[in-house]
Amino acid sequence: MKATLVIKNVDNLITLKGENKPRVKESLKDIGIIKNGIIALNGEKIIYVGEGELPSDIIVDEDTIILNGIGKTVTPGLVDSHTHLVHGGSRENELAMKLKGVPYLDILAAGGGIHSTVKSTKEATFEELYNQAKKSLDTMLKFGVTTIEAKSGYGIDDFDTELKQLEVANKLNEDHHVDIVSTFMGAHAVPKDYRDNPDDFVDIIIKDMIPEVARRKLAKFCDVFCEEGVFTIDQSRKILLAAREYGMEPKLHADEIEPLGGAELSAEIGCITADHLIAASDIGIEQMAKSGVIANLLPGTSFNLQTGKFARARKMVEAGVPIALSTDYNPGSCPTENLQLIMSFGSLIMKLTPEEVITAVTINGAAALGLEREVGSLEIGKRGDIVMFDSPNLEYIIYHFGVNHVDTVVKKGKIAYK
Ligand code: NIG
Ligand code: FE
């Protein structure tokens, strides 16, 4: 078979080869490193991964693109499995309040926070939202990210804005190198008009919004912000079970600030992921391990919220919960597109090992989006999504933090960034 692109002489080829499922416990240790590695693609797909030279049945000719991996660490394309990519405006006006110690939920309760982004997103045209999100996607790609998740949730009761966000994500998925998987998150805040009767809004989400999002095939997942003063455990359960009836798999913003029992709920209903989990209980963590719910940890949010509290990642790893790491890119609690910084936080603050970190942003991130058979590892038949880091080893990428180590990004077999 002909190779259309080859990366050869790779100092550290990190394949994450294994079973196509989220990794826990023992399987976290072997990340499939090949020294002097070589990888060949035909079109969008990987056709060979090994050491040294290509076997003779793989044909290299003058059209084959050859990249040199000397001095490089090569990994699967990174997956950022939790973002609020599409939104209008920005919220640096909250910095002064944050520095004074005003809590995130107080800003929200006073009509700021998410509500102010709802206003900017409503006011923005499709093109404005598209251009702003495209700029962020370009940045993500430069940082080695080849697949992301993107949530709605800045329209809330203004359903047209929810749809507009999902349609922007859809269009960008068609136009941009980075693949986007969409999540419907109408239950992101209780709209001002429903403060006294939030259950009425929950009914609208269930009866009107979820069926329409499903009919238009605009989202693969449904998510709820289950939090003190936002949506309760019961409301979250109702919404997510309804979404599942319409084919949208449940995700949950769980125990981000208060220990409401979001981890327990995610295990009870079998969410694909529970995200944040800063205040998750011991029992919740055990239950997640039993049900196989992926913990999607977002240390950039803890950093930005300045509470000094981070998810108990080590406890989760030891309990056997699969871990993914994501940016949570959004204008209010984590305004960064830089997943490499989050990898450093995952290690330097949450004490994840380099092996656990790279797993969390590749195969486990892919599994957090139900894409573990297509992406997340470098194996024959998988998508040619590959990052070349200008780095002698994995540790260097994580330890030398805050800068971009990417040399080249290959997306579906094409050079998407160099
Ligand atoms: O994941 N917690 C709720 N949603 C986002 C923040 C959204 C915002 O503040 O705009 C989060 O932290
Ligand atoms: Fe979030």
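Each chain has its residues counted from 1, following the order in which its sequence is written. The order in which chains are written sets their letters, starting at A; the order in which ligands are written sets their numbers, starting at 1. Under the rules for a predicted model, residues below a pLDDT of 70 receive no local features and side-chain atom pairs below 80 are neither given nor counted, while totals for whole chains, interfaces and linings still include all residues.

1. Quick notes on the UniProt feature "binding site: Zn(2+)" (unreviewed entry) in the protein
UniProt positions are given in the numbering used here, feature names are shortened, and annotations may be inferred rather than shown by experiment. Listed under "binding site: Zn(2+)" (unreviewed entry) in the UniProt record, and renumbered for this structure, are His82, His84, His253 and Asp328. Look at the named residues: they lie 247 residues apart in sequence, but the longest C-alpha span between them is just 12.2 Å, so in the fold they bunch up. Put plainly, a residue is buried at 20 or more neighbouring C-beta atoms within 10 Å of its own, exposed at 12 or fewer, and partly exposed in between, counting only other residues' C-beta atoms, which are placed from the backbone. On the basis of neighbour counts, which here come to 26 C-beta atoms within 10 Å, the residue His84 falls in the buried class. C-beta atoms are first placed from the backbone for all residues, and any pair lying within 7 Å is then listed as a contact. The residues touching His84, leaving out its near neighbours within four places in the chain, are Lys151, Gly153, Tyr329 and Asn330. A run of DSSP states H or I qualifies as a helix once it reaches four residues; a run of E qualifies as a strand once it reaches two. Both are numbered from the N-terminal end. When you line up the elements, His253 lands in strand β10 (residues 249–254). If we skip the residues at most four places from it in the chain, His253 touches Asp223, Val224, Phe225, Cys226, Glu227, Asp275 and His276.

2. Points about the site of ligand 1
Taken together, 13 residues surround ligand 1, and among them Ile114, Phe225, Asn330, Gly332 and Ser333 come closest. Throughout this entry, Asp, Glu, Lys and Arg are counted as charged residues, while Ala, Val, Leu, Ile, Met, Phe, Trp, Tyr, Cys and Pro are counted as nonpolar. The remaining residues, Gly among them, count as polar. When the residues that make up the shell around ligand 1 are grouped by side-chain class, the tally is 3 nonpolar, 8 polar and 2 charged. We call a residue near a molecule or strand if the C-beta atom, set from the backbone, is within 6 Å of it.

3. A look at the sheet that holds strand β11 (residues 273–276)
A strand pair is defined by DSSP finding two or more bridges across the two strands. Ordered in space as β6-β7-β8-β9-β10-β11-β12-β13, the 8 strands form an open sheet in which the pairing is parallel. The open sheet has two free edges, formed respectively by β6 (78–80) and β13 (323–325), since each of these has just one partner strand. Recorded for the sheet is a direction-independent mean angle of 25° between the axes of neighbouring strands. Taken together, the 5 bridges between strand β7 (residues 145–151) and strand β8 (residues 179–187) define a ladder with parallel strand orientation. Residue pairing for β8: Glu149 is matched across the bridge by Val181. Each of β10 and β11 touches helix α8 (residues 262–269); the most contacted strand, β10, lies at about 170° to it. Axes, fitted as lines to C-alpha atoms, cover a helix only where it is in contact. Angles between the N-to-C directions of the axes lie from 0 to 180 degrees.

4. Comments concerning the nonpolar core
Counting residues in hydrophobic clusters, the biggest one holds 132 residues, and the most contacted among them are Ile239 and Ile323. In terms of residues, this core owes the most to one element, helix α6 (residues 198–215), which gives 7 residues. Looking at which domains feed residues into this core, each of domain 1 (5–76 + 377–417) and domain 2 (79–367) gives three or more. A set of buried Ala, Val, Leu, Ile, Met, Phe, Trp, Tyr and Cys residues, joined to one another through C-beta atoms within 7 Å, is what we call a nonpolar core. For each domain, the first and last residues come from an automatic or database assignment.

5. Digging into the environment of Ser90
As for its placement among the helices and strands, Ser90 is situated in the loop between β6 and α1 (95–99). Not counting residues up to four positions away in its chain, the partners in contact with Ser90 are Pro331 and Pro335.

6. Observations regarding the environment of Asn304
Looking at the secondary structure, you find Asn304 in helix α10 (residues 299–305). By the C-beta count within 10 Å, which is 20 here, Asn304 ends up buried. For the pair Asn304 and Arg216, spaced 88 residues apart in sequence, the C-alpha separation works out to 35 Å. In this structure, Asn304 is in contact with Ser333 and Cys334, ignoring residues within four places of it in sequence.

7. Here we look at the UniProt feature "binding site: 4-imidazolone-5-propanoate" (unreviewed entry) in the protein
Mapped onto this numbering, the UniProt entry gives "binding site: 4-imidazolone-5-propanoate" (unreviewed entry) at Arg91, Tyr154, His188, Glu256 and Ser333. Relative to the assigned elements, Ser333 resides in the loop between β13 and α12 (339–348).

8. Focus on the pairing of β10
Within β10, 5 of the 6 residues are buried, leaving the element largely enclosed by the surrounding structure. Note: strand β9 (residues 221–224) against β10, 2 bridges, orientation parallel. Among the inter-strand pairings, Cys222 is bridged to a residue of β10, identified as Pro250. Tracing the backbone out of β9, into helix α7 (residues 233–245) and back to the parallel element β10 gives a crossover that is right-handed. Assignment of crossover handedness uses the view with strands pointing away from the viewer, where a clockwise path from the first strand over the helix to the second indicates a right-handed crossover.

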